[in-house]
Amino acid sequence: MSETILKVANVSKRFGGLQALSDVGIEIHRGEVYGLIGPNGAGKTTFFNVLTGLYTPDSGSFELAGKSYKPTAVHEVAKAGIARTFQNIRLFPDMTALENVMVGRHMRTHSGLIGAVFRTSSFKKEEAEIAARAHELLDYVGIGKFADYKSRTLSYGDQRRLEIARALATDPQLIALDEPAAGMNATEKIQLRELIDQIRKDNRTILLIEHDVKLVMGLCDRVTVLDYGKQLSSGTPAEVQNDPKVIEAYLGTGGA
Ligand SMILES: Nc1ncnc2c1ncn2[C@@H]1O[C@H](COP(=O)(O)OP(=O)(O)OP(=O)(O)O)[C@@H](O)[C@H]1O
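Cut-off values and rules
- Residues numbered from 1 in each chain as written.
- Predicted model: local features only at pLDDT ≥ 70, side-chain atom pairs only at ≥ 80, totals over all residues.
- Heavy atoms only, no water.
- Near = heavy atom within 4 Å.
- Polar contact = N/O pair within 3.5 Å; in protein donor to acceptor, adjacent residues only side chain to side chain.
- Areas by Shrake-Rupley, 256 points an atom, 1.4 Å probe, with all protein chains shown as cover.
- Helix = DSSP H or I, 4+ residues; strand = E, 2+ residues; numbered from the N terminus.
- Nonpolar A, V, L, I, M, F, W, Y, C, P; charged D, E, K, R; others polar.
- Domains from an automatic or database assignment.
- Contact = heavy atoms within 4.5 Å.
- Buried area = accessible area lost by both parts, 1.4 Å probe.

Looking up the protein in an unreviewed UniProt entry gives the name ABC transporter ATP-binding protein, with the organism given as Hydrogenophaga crassostreae.

Below, the structure is given as structure tokens:
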């Protein structure tokens, strides 16, 4: 079996009287596209927020590429190797597409503040490398020609691609996509699917939350279904789709 990238066990999170997550666990292997689905309020976003350091879990163990990590702060999680996108796009709207990707890349660089202030030769060399890599990533996600456009001027679908490029810029072990197809039209969804397929072919690992069941079932290698914070079912799309518990709780009611 291929290498385990993410291993999460026994994650629980309570908000006051509401048990948003109860003992949830998933294991994702390198090169997989793993889907997290479930009806509204099932706990998907809470799970993402716990995984990426936005919420502190009440319990749970977390391992990324064989190393345990504590998701206590967003920057620590990013350093550990998880990059995420958000349901509501979070780009720097007045920065260019290129600059937005360069920001992601800076996390992996070394010259630091002193180098930036004094514009040392190593800083300049590093900047040039960062810009070159950012251009490559913009081409990779299909928006290279918009490198110098302010990100707020890009179409919705292209802004989502830009978020993915920025996530890739951190060289993550795992890319967590929060509803990447939200608000996309049919053509943009097909393009998104092709992009995610390409990322998988390049041996990257993806976890995604998505409301579009058709997209999830067509794209994901394995899926976990949450319902009222509990793990209802996990398996291949075919296994999950045929699970009577899932049909009753989710798919049978007409999906998202
Ligand atoms: N910060 C919070 N404070 C209190 N309750 C919260 C908080 N965040 C989420 N919840 C509650 O936890 C439950 C799970 O919410 P969550 O957003 O994780 O579900 P979801 O599966 O992502 O839903 P959706 O598909 O609608 O985005 C919901 O009942 C929600 O109201």
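That shown, we press on.
Novice: Hey, could you run me through the site of the ligand in this one?
Specialist: What surrounds the ligand is a group of 13 residues, the closest being Gly 41, Gly 43, Lys 44, Thr 45 and Thr 46. Take Lys 44: an N or O atom from its side chain is 2.8 Å from an oxygen atom of the ligand. Bound to the protein, the ligand loses 63% of the 630 Å² it would expose on its own. Broken down by secondary-structure element, the contributors of at least two residues to the shell around the ligand are β2 (18-29) and α1 (44-51). Top element by residues in the shell around the ligand is α1. It accounts for three residues. Split by residue class, the shell around the ligand holds six nonpolar, six polar and one charged.

Novice: How should I be thinking about the domain arrangement of the protein in this particular structure?
Specialist: How big an interface is tends to be reported as the loss of accessible area on association of its parts. Each domain of the protein was delimited in the assignment, giving domain 1 (1-81 + 172-182 + 203-255) and domain 2 (89-169). Using C-alpha coordinates to define each centre, domain 1 is positioned 28 Å away from domain 2. On the side of domain 2, eight residues touch domain 1, which itself brings 11 residues to the contact. Where domain 1 abuts domain 2, roughly 740 Å² becomes buried across the two surfaces, and 58% of that area is made up of carbon and sulfur atoms. The tally of links between domain 1 and domain 2 comes to two residue pairs in polar contact (both at pLDDT 80 or more). Those elements giving two or more residues to the side of domain 1 that touches domain 2 turn out to be α2 (74-80) and β7 (174-178). Counting residues per element, the side of domain 1 that touches domain 2 draws most heavily on β7, which supplies three residues. Broken down by class, the residue content of the side of domain 1 that touches domain 2 amounts to six nonpolar, one polar and four charged.

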